[in-house]
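Below are the chains, spelled out letter by letter.
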Amino acid sequence: MKRLFSIAVIVVGFLFLLAAAFLFPKESLNSDDEMTAVSPLARIPLDQLANSGSAAVIVTVPQNAQWVRIRRQWGDPSYFIGAMKYPETAGQIHCLDELGIAVEVRAKTGIISLKVAKHYPYPYWARCPGPGFEFRAPPGTDLTIRASSPRHPMPAGDLIVLCNWENLKDKMVGVMLTEDLRKIPWYCVGSGLAMILAGSIALVHRPRVRKMDTPPR
């Protein structure tokens, strides 16, 4: 009976390992991917505009392996240009028209068309309906982003370039849930290995039957 019980424990352990193999996410984003996807691609300090009236930054639309994975899961984003107010934790976007900031985005093929952004990226907020500009560019494109303004002084902050993802809040919740679900297969692996080990030890270390000495005749 004990032998059958040990074998049953080993079989259940292998079932746990099999379940873990099916539960592991095949391809999903993690918190590092999320941080990369929502971090600014470029910054221009607003005090540069206050000091010189114009400033420029060169940025390449990312296309490395991580970004290929991000786009495969989240799609291809548009890009948002806006003035972020300090401190960043406040999450407020200045209204560009109030600051008098003009922006030009140029690629090697020519000027890229800008349009007023329909919405600002989550989790930022703004007092005006069109706080920045939006454009699209294929991965790997080298861009020169130039900003100018005749108004002085400028408030503390940065002109930033962000990916403008659709339904970003839902995407971020999905990443959080996926990372929680990643823990379940590891619990299955740990439990399965422990059961296989315990069952194997029970099979190997069977109790010995002591032989009783028979008295001489």
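Here's a quick rundown of the structure. (Residues numbered from 1 in each chain as written. Predicted model: local features only at pLDDT ≥ 70, side-chain atom pairs only at ≥ 80, totals over all residues. Heavy atoms only, no water.)

Along helix H2 (residues 31-38), the residues classified as buried are Asp 33, Glu 34 and Ala 37. For H2, the angular spread of buried residues about the axis comes to 100°, placing them on one side. For H2, exposure combined with an orientation more than 90 degrees from the buried face picks out Asp 32 and Met 35. Among the residues of H2, the N-terminal cap falls to Asn 30, whose side-chain oxygen and the backbone nitrogen of Asp 32 are separated by 3.0 Å. (Buried < 20%, exposed > 50% of the residue type's maximum accessible area, 1.4 Å probe, protein only. Helix = DSSP H or I, 4+ residues; strand = E, 2+ residues; numbered from the N terminus. Arc of directions from axis to C-beta. Polar contact = N/O pair within 3.5 Å; in protein donor to acceptor, adjacent residues only side chain to side chain.)

The next thing to look at is the sheet that holds strand S6 (residues 110-111). Taken together, four strands build an open sheet; the order of strands is S2-S9-S5-S6 and the sheet is antiparallel. Of all strands in the sheet, those with a lone pairing partner are strand S2 (54-60) and S6, marking the two edges. (Pairing = 2+ DSSP bridges.)

The subject of this paragraph is the environment of Val 61. Among the secondary structure elements, Val 61 is positioned in the loop between S2 and helix H4 (65-74). Overall, Val 61 belongs to the buried group, its relative accessible area being 3%. Those residues within four positions of Val 61 in sequence are excluded, and the remaining contacts are Arg 71, Tyr 79, Ala 137, Pro 138, Pro 139, Gly 140, Thr 141 and Leu 143. (Contact = heavy atoms within 4.5 Å.)

This part is about the pattern of salt bridges. Enumeration over the complete set of coordinates arrives at six salt bridges. Of the charged contacts in the structure, one is a salt bridge between Asp 33 and Arg 69, with a shortest N-O distance of 2.8 Å. Taken together, the positions of Asp 33 in helix H2 and Arg 69 in helix H4 put the pair 36 residues apart, joining distant regions of the chain. Given the relative accessible area of 25%, Arg 69 is considered partly exposed. Between Arg 71 and Asp 76 there is a salt bridge; the shortest N-O distance is 3.2 Å. In this structure Arg 71 comes out as buried when scored by relative accessible area, which is 13%. (Salt bridge = Lys/Arg side-chain N within 4 Å of Asp/Glu carboxyl O.)

Before going further, it helps to spend a moment on empty space enclosed by the protein. A complete count under the given rule lists two cavities of 30 Å³ or more for this structure. Approximately 40 Å³ is the volume found for the largest cavity. Contributing to the lining of the largest cavity are Leu 41, Val 59, Val 61, Tyr 79, Phe 135, Leu 143, Ile 145 and Val 161. Taken together, the residues of the lining of the largest cavity break down into eight nonpolar, no polar and no charged. Quantified by volume, the second largest cavity comes out at close to 30 Å³. Ala 37, Val 38, Pro 121, Tyr 122, Tyr 124, Leu 162, Cys 163, Trp 165 and Leu 168 together form the lining of the second largest cavity. Among the secondary structure elements, those contributing two or more residues to the lining of the second largest cavity are H2 and strand S10 (157-164). (1 Å grid on protein atoms, 1.4 Å probe; cavity = no way out; pocket = protein on both sides within 12 Å on 5 of 7 lines; lining within 4 Å. Points joined across faces, edges and corners; volume = space filled by probe spheres on them. Nonpolar A, V, L, I, M, F, W, Y, C, P; charged D, E, K, R; others polar.)

Relative to the assigned elements, Asp 158 resides in strand S10. Excluding residues within four positions of it along the chain, Asp 158 makes contact with Arg 43, Ile 44, Pro 45, Leu 46, Gly 82, Ala 83, Met 84 and Tyr 86.

What follows is about the side chain of Ser 78. Looking at where Ser 78 falls in the secondary structure, it is placed in strand S3 (residues 78-85). A distance of 2.5 Å separates polar atoms of two side chains, one belonging to Ser 78 and the other to Glu 134. Not counting residues up to four positions away in its chain, the partners in contact with Ser 78 are Glu 134, Phe 135, Arg 136, Leu 162, Cys 163 and Asn 164.

What follows covers the pairing of strand S5 (residues 102-107). Here S5 shows a buried face lined by Val 103, Val 105 and Ala 107 and an unburied face lined by Ala 102, Glu 104 and Arg 106. Examined bridge by bridge, S5 and strand S9 (residues 142-148) share five bridges and lie antiparallel to one another. Among the inter-strand pairings, Glu 104 is bridged to a residue of S9, identified as Arg 146. Counted along the chain from S5 to the antiparallel partner S6, the turn is two residues long.

Helical geometry: 3.6 residues make up each α-helical turn, so side chains three or four residues apart lie on a common side. All of the buried residues along H4 are Trp 67, Ile 70, Arg 71 and Trp 74. The arc that holds every buried residue of H4, seen down its axis, measures 95°, which confines them to one face. Within H4, the exposed residues directed more than 90 degrees away from the buried face are Ala 65 and Arg 72. Where H4 terminates, the next one or two residues include Gly 75, which has phi positive at roughly 90°.

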